[in-house]
Amino acid sequence: MKRILVVEDHEDNLQILRDLLKSAGYQMLEAHDGAAAVATAVAEKPDLILMDIQLPVMDGYEATRRIKADPALKAIPIIVVTSYALSGDEGKAKAAGSDAYVTKPYSPRQLLAKVREFLPQ
Amino acid sequence: MESFAAQAVIAIENTRLLNELRDRTTELARSVEELRTLGEVGQAVNSTLDQRTVLETIVAKAVQLSGTDAGAIYVFSNRRQEYRLRATYGMDIDTIASIRRQHIGPGETAIGEAAAQRAPVQVADVRETPAAHVLDVVVRAGFRAVLVVPLLGAERVVGALVVRRKEPGAFPQTTVDLLQTFAAQSVVAIQNARLFGEIEEKSRELAIASQHKSQFLANMSHELRTPMNAILGYTELILDDIYGETPAKLREVLERVQSNGRHLLGLINDVLDLSKIEAGQLALSLVDYSMKEVVNGVFSAVESLAAAKQLALKVEVPPDLPPAHGDERRITQVLLNLVGNAIKFTDKGEVAITAAAENGTFTLAVRDTGPGIAADQQAKIFEEFQQADSSSTREKGGTGLGLAIAKRIVEMHGGRIWVDSVVGEGATFFFTLPAQVERAAGVA
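Residues numbered from 1 in each chain as written. Chains lettered and ligands numbered in written order. Predicted model: local features only at pLDDT ≥ 70, side-chain atom pairs only at ≥ 80, totals over all residues. Heavy atoms only, no water.

Undergrad: Report on the overall build of chain B, specifying residues and quantitative values.
TA: Looking only at helices and strands, one finds eleven helices and twelve strands in chain B. For chain B, buried positions account for 42% of its 444 residues. Long-range pairs, those at least 24 residues apart, make up 66% of the contacts in chain B between residues at least 6 apart in sequence. Summed over all atoms, the accessible surface of chain B reaches about 23,700 Å², with 54% contributed by carbon and sulfur. (Helix = DSSP H or I, 4+ residues; strand = E, 2+ residues; numbered from the N terminus. Buried < 20%, exposed > 50% of the residue type's maximum accessible area, 1.4 Å probe, protein only. Contact = heavy atoms within 4.5 Å. Areas by Shrake-Rupley, 256 points an atom, 1.4 Å probe, with all protein chains shown as cover.)

Undergrad: Tell me about unusual backbone geometry, residues and numbers included.
TA: When glycine is set aside, most residues are seen to have a negative phi, and most peptide bonds are trans. The omega torsion across Lys104(A) and Pro105(A) is 5°, close enough to zero to call that bond cis. Positive phi, normally seen in glycine, also occurs at Lys45(A), with a value near 40°. Tracing the chain through its elements places Lys45(A) in the loop between α2 (34-44) and β3 (48-52). We note that Asn359(B) has phi near 50°; this positive angle belongs to a residue other than glycine. For Asn359(B), the position within the fold is in the loop between β9 (350-358) and β10 (361-368).

Undergrad: Can you tell me about the pattern of salt bridges, naming the residues and giving the values?
TA: Residues and elements named next belong to chain B. Overall, the coordinates contain 24 salt bridges over all chains when judged by the stated rule. Between Arg16 and Glu13 there is a salt bridge, and its shortest N-O distance comes to 3.0 Å. You can see Arg16 and its partner Glu13 sitting in helix α1 (residues 2-47), three residues apart, about one turn around the helix. Exposure remark for Arg16: the relative accessible area of 42% places this residue in the partly exposed category. Relative accessible area serves as the criterion here: at 33%, Glu13 is assigned to the partly exposed category. Among the salt bridges present, the one from Asp241 reaches Arg251, with a minimum N-O distance of 2.9 Å. Taken together, the residues span a long stretch of sequence, with Asp241 in the loop between α6 (173-239) and α7 (248-278) and Arg251 in helix α7 at a distance of ten residues. Overall, Asp241 belongs to the partly exposed group, its relative accessible area being 30%. You can call Arg251 partly exposed: its relative accessible area is 23%. (Salt bridge = Lys/Arg side-chain N within 4 Å of Asp/Glu carboxyl O.)

Undergrad: Tell me about the sheet that holds strand β2 (residues 82-89) of chain B, and name the residues and values.
TA: Residue and element names in this part refer to chain B. Ordered by their spatial adjacency, five strands build an open sheet running β2-β1-β5-β4-β3, and the pairing between neighbours is antiparallel. Of all the strands in the sheet, just β2 and β3 (121-123) have a single pairing partner and so form its edges. Strand-to-strand twist in this sheet, taken as the mean axis angle between neighbours without regard to direction, amounts to 20°. Where strand β1 (residues 70-77) lies against strand β5 (residues 157-165), six bridges are found, and the strand directions are antiparallel. Looking at the pairing, Gly71 lines up with Val163 of β5. Strands β1, β2 and β5 of the sheet are contacted by helix α3 (residues 93-101), whose axis makes an angle of about 170° with β2. Of the strands in this sheet, β1, β2, β3, β4 (145-152) and β5 are in contact with helix α4 (residues 109-117), which crosses β4 at around 40°. (Pairing = 2+ DSSP bridges. Axes fitted to C-alpha atoms, helices over the stretch in contact; angles between N-to-C directions.)

Undergrad: Could you give an account of the packing of helix α1 (residues 11-23) of chain A against helix α5 (residues 108-118) of chain A, naming the residues involved and the relevant values?
TA: All names here are of chain A. Closest axis-to-axis distance for the α1/α5 pair is 11 Å, and the angle between their directions is 60°. Viewed along their axes, α1 and α5 adopt a mutual orientation that is oblique. The chirality of how α1 crosses α5 is right-handed. Residue-level inspection shows Ile16, Leu17, Leu20 and Leu21 of α1 in contact with α5, the latter providing Pro108, Leu111 and Leu112. By residue class, the composition of the contact of α1 with α5 is seven nonpolar, no polar and no charged. (Parallel < 35°, antiparallel > 145°, perpendicular 65-115°, else oblique. Left-handed = near helix turned anticlockwise from the far one by under 90°. Nonpolar A, V, L, I, M, F, W, Y, C, P; charged D, E, K, R; others polar.)

Next comes the structure, spelled out in structure tokens:
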């Protein structure tokens, strides 16, 4: 079973992803801030990371940069999830090293399609 | 003898008439000179808001026209509770410096007296007047006669106009009258300068308040979006039967929740866009793009909407459009808004999108066969929260923000947006865009 690390601090949004990913046959790991995301990525080496941007302790851009700077982790695809696309956010997400970009509110169906692009079954 | 006497009478009468004529001529010449000078003063008052320049002009003219030697304008400072020297004419630097060091409180010297009486006060000879009435420094500078005219504001005395003469003697009524006119002009100048200062201050406060408002809206919209994600997310999961099969009746209700949720999200996004633009926080993300792909992307996004209303959707893009550089996503947003509106407001006929390029500038046009827009509404619809007819807001939905946002995005690219329409004959929205945009232009 593929493992997806979800970095998100909003409980309801976490619950949606738990329900969505479970029903789609993925195992979900959780981190609630950027620093925990980096630590969990190191410890668990997940197959994919869904990264929120506005996070306590360390934001998603910085967490993405640190994970992508680690040779052991840089191959893990990171999909950045932020609140609504402002021009410029996409550029910042790319500059931080993310592989894809999804805006919030997202359609769970479309998010799942994006995940499947990176995790072919 | 009689005739000699008659002759003498005539001669005397002639001389009298001649003298009178000469006096009248002199008087007339003086009146003309006074009027001319007052005209100059009036012009100074109206042409500059620099209080000091105006007051210096007034005091100089007042001295010249009244045939005195020196003059000054004092303005009462509420904060310091004293008269402050603001403008002078014909006074040497030492005298000015000495006067500046003096404290002239309310009711003190001839200035205070004129203010208390709200009427001119004159001192014909300073040597015959109590010392407290005229400043020592004025006496030492050799002035003998002083005329003080209060500057009468609507509610209080704002200051005084003073002229000084080295010759002792009373000032004629004509001089007093003339100086009262100058005093009135000074009051206008002082009040104009004060009002202008207040307006400047208010403008600054308003600009700051407007920034705060935009920032608040931006933060607010962001905060609103997080719960929207949960509402729309759960709704979709239920409709996708993640939690088991959803009964038909419940599905119908949830679809309404979903459609209203999406509408609310659209409103939030529009408010955020606009507030970001107003706060100067919307940066263009400039990339290479193809205008043909933008048009085709919009076409596929709205194809089903047009089909649902049985409207023909046409696209006309020449094959040789130049390569483009700009904020592709924002440009797509503008075109999508125009085409979306065209479909929304057109009940039968067609909607056509055309693109053309000339001299490095794209012109995009969206033509519809809808009801058209009255001439007096055509500029208004690009303002915030305006639709051509407010009743259409209820009927057709929409935030009334889409075109305002479109206008700003186009202008940030250095382009222009407008509409061409005759009521009953449809409408065509146009916008131009430089094909190569290297940096964002300021938005008016």
